[in-house]
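# Structure at a glance
One letter stands for each residue in the lines below.
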Amino acid sequence: MSAPKSAPIRAIWEIEERKKPQVLVLKHGQKRIMVKRQRSYNLVLDAVCKHFPGIPRDVITLQTNQLDVCEGHYVDIMPEIWADVVDFLNIVEVTRTETTLPVPPLDTWAISFPGNQLAPSQVFGLGSSKDDKLTIKVVFPSGEIQTAKISRAMRVEELIADASKILGRCPKAIWGGAIMREDRSIASYGIEDGDSIVLQLEPSLSGSFAKPVIYLFSPFDIDVSVKLSLIPEWSLSVIYPVVTTEDHGQRLEWNVRTHQDGSLTEHNSGLDISYLFWEAEINVVAFPRSPVSEPLPVDTFDPISSSLDDMNSIVVPVDKVSVYLDKSLKALGLHTEARTSFVTYWLPKFLKHEYIALRFVPQAAYERAASLSISPQPDVVTRVSMLFKGIRQEHLGDWTNAQMQADRDVAWWVDVVGVDPARAGDATLFRVLEWGGMEVLI
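Described below are features of the structure shown in this document. Keep in mind that what you see is a predicted model, and the values were worked out from it rather than measured.

Buried residues of helix α5 (residues 321-331): V321, Y324, L325, S328, L329 and A331, and no others. Taken around the axis of α5, the buried residues stretch over an arc of 155°, which confines them to a single face. More than 90 degrees from the buried face of α5, the exposed residues found are V323 and K330. Considering only its buried residues, α5 is in contact with β23 (314-317), α6 (336-350), β24 (355-360), β26 (380-391), α9 (412-417) and α10 (421-424). Directly after α5, the chain includes G333, whose backbone phi takes a positive value near 105°.

Below is the structure:
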């Protein structure tokens, strides 16, 4: 029998036990869930099934690359060793078990893609033996990691062709930080079991920032200077009224006179207008998108890397999005004409999808990406920027929290964006209102 711990030793032991983290982060694609740390493998699987219902329990694989023995590679964690390693882990990658397919005629092999879909074409193994097969990880633009068994003789262009039919667009294959040539084979790159190939879509597919319009409301007529400055990732593509732009299309200044009815007169052209208008495009060449980058902090807005996920968005059927959006915009302080213009501008794009995921960007983060300098200084500035993407019905399992958030009172967006609706509607103040948005396609 071992001797009982002395009081000092027991106190130290209890302190060390309390230091052990009591939570664990489960990650699948861009979604991260913090759960209670369980020493039981089956209880961890229960948590995965609860928070990632789109993955059947019998194909769940838990992986890590955090241990020294992994040498930086993602390694499957077997049920029998889970209790031995769980205390050393902070994040666990949730993936699908590699699908072992029957060997079709002529030794052809299929590739497994997200949702256990089979790629539309099959890869011809060129009579290769079992030793000529290797298992790789395919990292999709969403961040989802899938395991695939392929032939070393497979050409890169064949992998890209299969991925294109799943993604709907043609990606580039990245390995070791470099773009892979389509006319070369997998073997020619020296790729081994467990290596990752990243599929990257062109950043331009993230869309342009469309129809930001700027209203100026003052209780009396005044002359106003409006300066807009964009971060280098953006360049102005359309402006109205037309004025000279500077710094390669990233800076401009409008000079207008406000009128009490809300209209403006632009001094340079003499045009009478309702608002100022601008659009911007992403500088694709100068700022390529990183396909495996970490999600941005909530107070950051980057037109190239910003995305939507299950935690920061809501998801509604397309036939309910107009009403939801109108209520949200009203809560954020937009007047009737602005709300109607907002909804009708985006409605044709919404109708191309079954479900819509959307969120509003915090105003402070948006201001750092597209700075407005207005003189004289307004009493209140309201800038509403929406991001949205289409969601297919079969992918709703990845958006369970976002669907629940759609039932919350839309007033929660007021705190997210950081606006003051009461002051935004006070006609005795000099007020600025801007709205715009962007469709995220990847």
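Still to come is the rest of the account.
Glancing now at the side chain of Q63. Residue position: Q63 is located in strand β3 (residues 60-64). Look at Q63 and you get buried, because its relative accessible area is 2%. A polar atom in the side chain of Q63 sits 3.2 Å from the side chain of K137.

Tallied over the full model, the rule gives 13 salt bridges. Residue E192 pairs with R152 through a salt bridge whose shortest N-O separation is 3.6 Å. Taken together, the residues E192 in the loop between β13 (178-179) and β14 (196-200) and R152 in the loop between β11 (145-151) and α4 (156-167) connect sequence positions 40 residues apart. Here R152 falls in the partly exposed class, since its relative accessible area comes to 21%. With a shortest N-O distance of 2.4 Å, R383 and E367 are connected by a salt bridge. One end of the pair, R383, is in strand β26; the other, E367, is in helix α7 (residues 363-369), with 16 residues separating them in the sequence. According to the relative accessible area criterion, E367 is partly exposed, its value standing at 26%. One continuous salt-bridge network, built from bridges that share partners, spans E246, D247 and R251.

Direction vectors running N to C along α5 and α6 enclose 150°, while the axes themselves pass 10 Å from each other. Taken together, the axes of α5 and α6 lie roughly antiparallel to each other. Once α5 is placed against α6, the crossing between them reads as right-handed. Contacts from V321, S322, L325, D326, L329 and K330 of α5 reach α6 at R339, F342, V343, L347 and F350. In terms of residue class, the contact of α5 with α6 is made up of 7 nonpolar, 1 polar and 3 charged.

Among the nonpolar cores identified, the biggest contains 42 residues, and L216, W234, W254 and W278 are the most heavily contacted of them. If you look at the next biggest cluster of nonpolar residues, it comprises 35 residues, including A210, L325, A338 and W412.

A few words now on the pairing of β11. Among the 7 residues of β11, 6 are classified as buried, and the element is accordingly described as predominantly covered. Direction of pairing for strand β10 (residues 133-139) relative to β11: antiparallel, over a ladder of 7 bridges. Counterpart to K133 in the pairing with β11 is S151.

Next up on the list: the packing of aromatic side chains. Each aromatic ring pair is specified by the distance between its two centres and by the angle formed by the two planes. In this structure the tally under the stated criterion is 11 aromatic pairs. With 6.2 Å between their ring centres and 70° between their planes, W175 and Y189 make a pair best called edge-to-face. Of this pair, W175 sits in strand β12 (residues 172-175) while Y189 sits in the loop between β13 and β14, and the two are 14 residues apart along the sequence. Through successive ring pairs, a cluster of aromatic residues spans Y345, W346, F350 and F388. Directly above the ring of Y189 sits R184, whose terminal nitrogen or CZ lies 3.9 Å from the centroid. Of note, K349 hangs over the ring of Y345, and the distance from its end group to the ring centre comes to 5.0 Å.

Parameters and conventions
Residues numbered from 1 in each chain as written. Predicted model: local features only at pLDDT ≥ 70, side-chain atom pairs only at ≥ 80, totals over all residues. Heavy atoms only, no water. Buried < 20%, exposed > 50% of the residue type's maximum accessible area, 1.4 Å probe, protein only. Helix = DSSP H or I, 4+ residues; strand = E, 2+ residues; numbered from the N terminus. Arc of directions from axis to C-beta. Contact = heavy atoms within 4.5 Å. Polar contact = N/O pair within 3.5 Å; in protein donor to acceptor, adjacent residues only side chain to side chain. Salt bridge = Lys/Arg side-chain N within 4 Å of Asp/Glu carboxyl O. Axes fitted to C-alpha atoms, helices over the stretch in contact; angles between N-to-C directions. Parallel < 35°, antiparallel > 145°, perpendicular 65-115°, else oblique. Left-handed = near helix turned anticlockwise from the far one by under 90°. Nonpolar A, V, L, I, M, F, W, Y, C, P; charged D, E, K, R; others polar. Core = buried A, V, L, I, M, F, W, Y, C linked by side-chain atoms within 4.5 Å. Pairing = 2+ DSSP bridges. Phe/Tyr/Trp six-rings, centres within 6.5 Å; stacked < 30°, edge-to-face > 60°. Lys NZ or Arg CZ within 6 Å of the ring centre and 35° of its normal.

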